[in-house]
Amino acid sequence: MFRAKPRDPLKNAIETLYKVRLLGNRLESLIDRITERRNALFERMVELQSRNEKYLSKKYAEEIARLDKLASRLTTIRLVVEKIDLSLQYAINMREFNDLSKELTGLIGELKRLPESNLPELNMIMMDLEGSVREMAEISHGGGGGLTFHVEGSSQDVRRILEEAREVMKKKLEVDLTV
């Protein structure tokens, strides 16, 4: 019969790293666009305030506050994505994917729970990243390639980095659920 060719976990991890970096770049461009929009609105608000149009300037200030909040939330997500990137780089260098895939699956699940992950610019990349992480978990637990070897302390470093990212996500979700 036909047998599926086993996928190389290293190749899959590199593809996942590419998708994580793509998500990071999209987040960065989105944050830049929000910042530009915020600055334009701020200039307009100052102009309105100087003309003593308090009602309109107040509405602009409210919109600026919303944009600041969104930029702050996206920056937090960007921090988590950078930590995932760092963990993936480390796992690729050490060829240790088992523990990483478990942690990333949980972290991506938490990222998807955030309302910002439903933004059109991020949604497709997030879904693609989730599929890639799921595939990496299947490959690494299915013994595809046998590329894992243990270096003393390596998995603890990855766990520590991912635990920091998880703590950021927990705080983020707690703030979202209480507001």
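Residues numbered from 1 in each chain as written. Predicted model: local features only at pLDDT ≥ 70, side-chain atom pairs only at ≥ 80, totals over all residues. Heavy atoms only, no water.

Draft legend 1. Quick peek at the confidence of the model for the chain. Looking at the chain, pLDDT values average 80 and 84% of them are 70 or higher. Within the chain, the lowest mean pLDDT, 70, falls on helix 5 (residues 154-178), and the highest, 92, falls on helix 1 (residues 9-50). The model gives residues 143-152 a pLDDT under 50, and that stretch makes 19 contacts with residues more than four places away or in other chains. (pLDDT = per-residue confidence, 0-100. Helix = DSSP H or I, 4+ residues; strand = E, 2+ residues; numbered from the N terminus. Contact = heavy atoms within 4.5 Å.)

Draft legend 2. Structural detail: helix 2 (residues 54-94). End to end, helix 2 covers 60 Å across 41 residues, agreeing with the expected 60 Å (1.5 Å per residue, within 8%). Immediately downstream of helix 2, the backbone of R95 shows phi near 55°, a positive value. (Expected span 1.5 Å × (residues − 1).)

Draft legend 3. The nonpolar core, seen in detail. The biggest cluster of nonpolar side chains holds 39 residues, and the ones touching the most others in it are L23, L74, V80, I84, L88, L104 and L111. If you list the elements that add at least two residues to this core, you get helix 1, helix 2, helix 3 (98-113), helix 4 (120-141) and helix 5. Beyond its immediate stretch of four places on either side in the chain, V80 contacts L107, L111, A165, V168 and M169. (Core = buried A, V, L, I, M, F, W, Y, C linked by side-chain atoms within 4.5 Å. Buried < 20%, exposed > 50% of the residue type's maximum accessible area, 1.4 Å probe, protein only.)

Draft legend 4. The packing of helix 1 against helix 2, seen in detail. Across the interface, helix 1 lies against helix 2 with an axial gap of 8 Å and an inter-helix angle of 160°. With respect to their mutual orientation, helix 1 and helix 2 come out roughly antiparallel. Crossing geometry of helix 1 relative to helix 2 is assigned as left-handed. Class assignment for the residues of the contact of helix 1 with helix 2 results in 27 nonpolar, seven polar and ten charged. (Axes fitted to C-alpha atoms, helices over the stretch in contact; angles between N-to-C directions. Parallel < 35°, antiparallel > 145°, perpendicular 65-115°, else oblique. Left-handed = near helix turned anticlockwise from the far one by under 90°. Nonpolar A, V, L, I, M, F, W, Y, C, P; charged D, E, K, R; others polar.)

Draft legend 5. Inspection of the side chain of S132 at higher detail. Summarising the element assignment, S132 is placed in helix 4. In this structure S132 touches N12, E15, T16 and K19, once residues within four positions along its chain are discounted.

Draft legend 6. Inspection of the pattern of salt bridges at higher detail. Across all of its chains, the model carries eleven salt bridges by this definition. The shortest N-O distance in the salt bridge between R44 and E47 comes to 3.0 Å. Of this pair, R44 and E47 both sit in helix 1, separated by three residues, roughly a single helical turn. Using a relative accessible area of 33% as the deciding quantity, one classes R44 as partly exposed. Residue classification places E47 among the partly exposed positions, given a relative accessible area of 37%. (Salt bridge = Lys/Arg side-chain N within 4 Å of Asp/Glu carboxyl O.)

Draft legend 7. Region of interest: helix 1. Here helix 1 spans 61 Å end to end across 42 residues, near enough to the 62 Å set by a 1.5 Å rise per residue. Once helix 1 finishes, N52 follows within two positions and takes phi at roughly 65°, a positive value.

Draft legend 8. Main features of the packing of helix 2 against helix 3. Running from amino to carboxyl end, helix 2 crosses helix 3 at an angle of 165°, the nearest separation of the two axes being 11 Å. When the axes of helix 2 and helix 3 are compared, the pair comes out roughly antiparallel. The chirality of how helix 2 crosses helix 3 is left-handed. Contacts from I77, V80, I84, S87, L88 and A91 in helix 2 reach L100, L104, L107, I108 and L111 in helix 3. Of the residues belonging to the contact of helix 2 with helix 3, the class tally is ten nonpolar, one polar and no charged.

Draft legend 9. Unusual backbone geometry, seen in detail. With phi around 65°, N52 is a residue other than glycine that occupies positive phi space. Among the secondary structure elements, N52 is positioned in the loop between helix 1 and helix 2. Among the residues examined, N52 registers a relative accessible area of 51% and is labelled exposed.

Draft legend 10. Structural detail: the environment of L10. Its location among the elements puts L10 in helix 1. L10 sits in the buried class, given a relative accessible area of 16%. Placed 87 residues apart in sequence, L10 and F97 show a C-alpha to C-alpha distance of 8.4 Å.

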